[in-house]
Structure formats: C-alpha cells, structure tokens
Amino acid sequence: MKVLKFLLKYIFIFTIVFIVYTFIYHYQVSSSPNVKVEKTFIASDESISEVAGDNDLGYGVTNTGLSEGNIDKNGFYINIPRINLFKPIVKNVDPRYKEVYQESWKTGVSHGKFTALPDQIGNVYLFAHAVNDASKMNKENAWFSLIDELSESDQVIVYYKGQRYTYQVSRIYTVSPSATGVYTGVSPVPKVTMQTCGPPRGSVSSRYMVEALQVYVENF
Amino acid sequence: MKKNKTLSLLTLVGLLVAIPVVTGVFQRSGFELRISALEEDEPRNVVISDVKSTSIKVSWVTERQVIGGILLENGTQFNESTKSSYHTIDVTGLKASTTYTFKLLSDAKAWTMETGSDYSIKTSSMPASSEKFLVYGQVFSPDGFSFQQGGVISMQLVSGSETSQIVSAVINETGGYQFDLGGLQNDSLIRSFAYKQEVEATLKVYIAHDQEGVEKTYSIDFLSQRQIQNIYLGEVNIDIIPGVVGE
C-alpha cells in the first residue's frame, strides 16, 4: 500500500510538470514572431503567377524604343548593350511547360520559376529562344539569338523594382539538353545565368549558357 | 507533518516550473550572460586590403552588432548603414601614394590599434584600374553542412616568388563571398600581379571576435575558373566545386 501511495505521488508530480512544460512549449511556439528570411535564394515569398496571369508588365510590350527613360520603374527588364537587347522579363515562368514559356516569349525573356530574383542572393535563371537567322529574331520572339556574341566582361543589366543590377559576364559554356542541373536558383553570390539553344545558334542539340556575376546595385 | 509534506511538494513543483519559465523569458528577451575579457565593440581581426591609388578597403569583426565606421585624420567619415558584427568599408576619394591614418568606429566610438596608434596605410602609386575580374566562393559553418552566415574573408595569392596584395570581403547570409581581382597588384604595390594563371591562394576566414582566422590554401587556375573551392570551417573537408551535369 505504501509503495502504491509513493508511486501515485510521483506520478502526480510528473503529470503536473509534464502539463506545465507542454503549456509553456505551446505558448512559446504560438507566440514566436514569424521570421521572414529575406534575400533567400528560393523565390518562396513571391506570389507565383502563371505566365498568362499577373506579371509586372502585361502583354504586348516589345523591344521597340525601350530605354531606361521609358520603362516602368517597378518592372522587370533585361538590357544587354553589347547586342542591343532591351526586353521585358516575364517572372516565374515554368520551364516544364512548352506552351507556357512560348507564351511568355511573346512578351520577352523568361525568368525561371523557383530561381532567384535580382534582389536575392542566388541565381537568376533567364531563358529565351534563339534562331539561326538573326533577322527573324523579332518575328520568332527569339530574344537570345545573339547572346553567343557575348564575351567575358560584357555587361548585362537587369532592372527590377526600381533598382538597376549590373552583372559582368564571367563564364560561357555549353551543356547537353539533358543537363538539367544548370537550372537552379542556388548560388553563393548573386548572379544571372542565361540559357538558349545552340551551338550552332538555334540548334536544339545543345544549350548555350552565359553566366554573369553581380557587380553593382543602384537606384534608377 | 502532512502540512509539511504538502509544502515540500508545492515547493518542488514550483521549482520545476520556475526554472524553464525563467530560462524561457531570458531567451525570449535576448538576455545573455557574458563573461568576456574583450570589449564587445572593439574591432578585432582588422584587415586593410584592396589598396589602390584612390581607395582602400578595411574589414574587421566586432562581438556586438554595431554600426561600423572609419574616421580619417582629416575628419572625413565613412559609415555603414546597418548594424553588424562583420564590417567592410571602402574608403574612396584618396590621393595616390599618400599615407593615411584613421580610427575605426563602433557606434561612433573611436578605436585605435592595441598599441594606441592609429591605423595607417599608404595608397598605391599605380593608377587605379577599371578592369573587373570577379571570383567567388562559399564558406560552410563548422557543422560542415550549413552556410556560414557572416564573417570576414581575405585572400592573398602567390605565384613563383611574387605575392599579391591582400583582397577581402564580407561573407553573406548564404556563405558566399566575392573578390574583384581586376587591377590586382603585388604586395609592394609597385606592379600588377598576374592572377590569370595557376596560383596558390591562401584564404583566411574570421568569424569570431576573439579567435584567430581559419586558414586554407588552395591551388587555383583563375584562367579557367572563377569559383574558389568550398571552405569548410569544421572537420568536414569535402573540397569539391559543384559541377554541371553533362558539361
């Protein structure tokens, strides 16, 4: 009987302590502030929109006459002076769906879904079509037809949410079409990776890759 | 007797409850008990680097998060915009081949070297180069798996009998850092250092206010690569460069 009383007493104490601990734990978890990790390399806090839905620019924008002076300051654009390319960028385009990314090219260059944005530390993945005959570039929405003319140290400028991000070409390489490992938002430093078809220009047998590292960030 | 037992029981329960509650309150309010011989704001592991004809870079570590700054002898100040434990400031608008002395600032409090003298550096006589050649890498924390969030890193290259000047950078929140080797000079600041070749690179990472830097040396060919091998601060040492599938 004594042993039973002894056991009951300690079971009672244990139960009380357990209840109090559980209460404290739940109180601390439920009242903890939501930590928002900024500049993550995953575009997780962005509202992912389909190409035909809400994007920064809308449709019907062409490269005709685009310049720093007349673009939407809160928009998303790419400017590569070396090849005279100035186009809107369509945000969060899913590269798994051909009809989706082809639709986005009517507006401009595609930004890969789940990859970083310019204001984050990571890899901003941009892709667009290329055609062998550059004179058909506008007609076929083949905005990256001339990126094979870029060389190391050329500038790539991206405008995003009122900031001008200047990148410098640091690496040019080719991969096979099955090399999906290049599609990533992860990078220890902010950079842009541009992908198109080729070489030879426009060929689907390989992928032409241009990487550019971030050099400056300025208001514009 | 029964009353005493009840009292003891209540005291026991009270103690068991009070300890985690008090600890929790301290944790939530950011209270920390510190026993340190170093002043929290004192700049440590100071690196003067990237010395050019019109600019220098100064990097250092403080224990407490402060707004870092530099106070030149002529009264000019360069201040950071946000609080941090890891500081790097580009001091610009300098004259070539001129000796500058300066103090470091922690929330406006001025600090000299431990000897009591101001920091001092002579700018290069070689004209500043506009060339940029960015190289980068990533630092992993002592656990070997997560990124080292913050820190100061410096690098010096050796090629044959020549040693480069020091370049430095702050490690970002994903463990990344970036150096600009454009216009890199030798350590005497009298001629350019040829970095686009195979070189021995010694990197020092400072992550703690009161500790020496962790040093790593790699052989790197900057003619063919911009990414420096991963730096692991712990025992894990898997020095690989992420490859590209199918490349």
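Residues numbered from 1 in each chain as written. Chains lettered and ligands numbered in written order. Predicted model: local features only at pLDDT ≥ 70, side-chain atom pairs only at ≥ 80, totals over all residues.

Caption draft 1: Structural context of the overall build of chain B. Along the backbone of chain B there are one helix and 16 strands. Put simply, chain B has 247 residues, and 32% of those count as buried. Counting only contacts in chain B whose residues sit at least 6 apart along the sequence, the fraction spanning at least 24 positions is 62%. (Helix = DSSP H or I, 4+ residues; strand = E, 2+ residues; numbered from the N terminus. Buried ≥ 20, exposed ≤ 12 C-beta atoms within 10 Å, placed from the backbone. Contact = placed C-beta atoms within 7 Å.)

Caption draft 2: Representation of the overall build of chain A. If you tally the helices and strands in chain A, you get two helices and eight strands. Secondary structure elements of chain A, listed N to C terminal, follow the sequence α-β-β-α-β-β-β-β-β-β. Here chain A, with 220 residues, has 37% of them falling under the buried criterion.

Caption draft 3: Focus on the sheet that holds strand S2 (residues 85-93) of chain A. All names here are of chain A. Strands sit in the order S1-S2-S3-S4-S7-S8-S6-S5 around a closed barrel of eight strands; the barrel is mixed. Averaged over all adjacent pairs, the angle separating strand axes in this sheet is 30 degrees, with direction ignored. When strand S7 (residues 191-197) meets strand S8 (residues 207-219), the two strands line up antiparallel, connected through seven bridges. Looking at S8, one finds that Thr196 is bridged to Tyr208. Across the sheet, helix H2 (residues 98-105) lies against S2 and strand S3 (109-112), angled at about 150 degrees from S2, the strand it touches most. (Pairing = 2+ DSSP bridges. Axes fitted to C-alpha atoms, helices over the stretch in contact; angles between N-to-C directions.)

Caption draft 4: How the structure looks around the domain arrangement of chain A. Domain boundaries assigned for chain A yield domain 1 (1-32) and domain 2 (76-219). Taking only C-alpha atoms into account, the centre of domain 1 of chain A sits 59 Å from that of domain 2 of chain A. (Domains from an automatic or database assignment.)

Caption draft 5: The confidence of the model for chain A, seen in detail. Across chain A, pLDDT averages 81, with 80% of residues at or above 70. Here residues 28-62 of chain A scores under 50 on pLDDT; set against residues more than four positions off or in separate chains, the count is 52 contacts. (pLDDT = per-residue confidence, 0-100.)

Caption draft 6: Highlighting the nonpolar core. Ranked by internal contacts, the top residues of the largest apolar core, which has 84 residues, are Ile78(A), Leu126(A), Val158(A), Val192(A) and Ile153(B). Non-local contacts of Ile78(A), meaning those with residues more than four positions away in its chain, are made with Leu85(A), Lys87(A), Ile89(A), Val109(A), Leu126(A) and Val158(A). (Core = buried A, V, L, I, M, F, W, Y, C linked by C-beta atoms within 7 Å.)

Caption draft 7: Quick look at the environment of Tyr100(B). Residues and elements named next belong to chain B. Checked against the element boundaries, Tyr100 lands in strand S6 (residues 99-106). Sequence separation of Tyr100 and Leu72 is 28 residues, and the distance between their C-alpha atoms is 7.3 Å. For Tyr100, the residues in contact, after removing those within four places along its chain, are Leu72, Leu94, Ile121 and Thr123.

Caption draft 8: Broad picture of the environment of Phe78(B). Residues and elements named next belong to chain B. Tracing the backbone through its elements, the reader meets Phe78 in strand S4 (residues 77-79). C-alpha of Phe78 to C-alpha of Ile89: the two residues are 11 residues apart in sequence and 7.3 Å apart in space. With sequence-adjacent residues up to four places away left out, Phe78 is seen in contact with Gly69, Ile70, Ile89 and Val91.

Caption draft 9: Structural context of H2(A). Residue and element names in this part refer to chain A. Of the residues making up H2, those classed as buried are Tyr101, Ser104 and Trp105. One face of H2 carries all of its buried residues, which in axial projection span an arc of 105 degrees. In this structure, the buried residues of H2 make contact with S2 and S3. (Arc of directions from axis to C-beta.)

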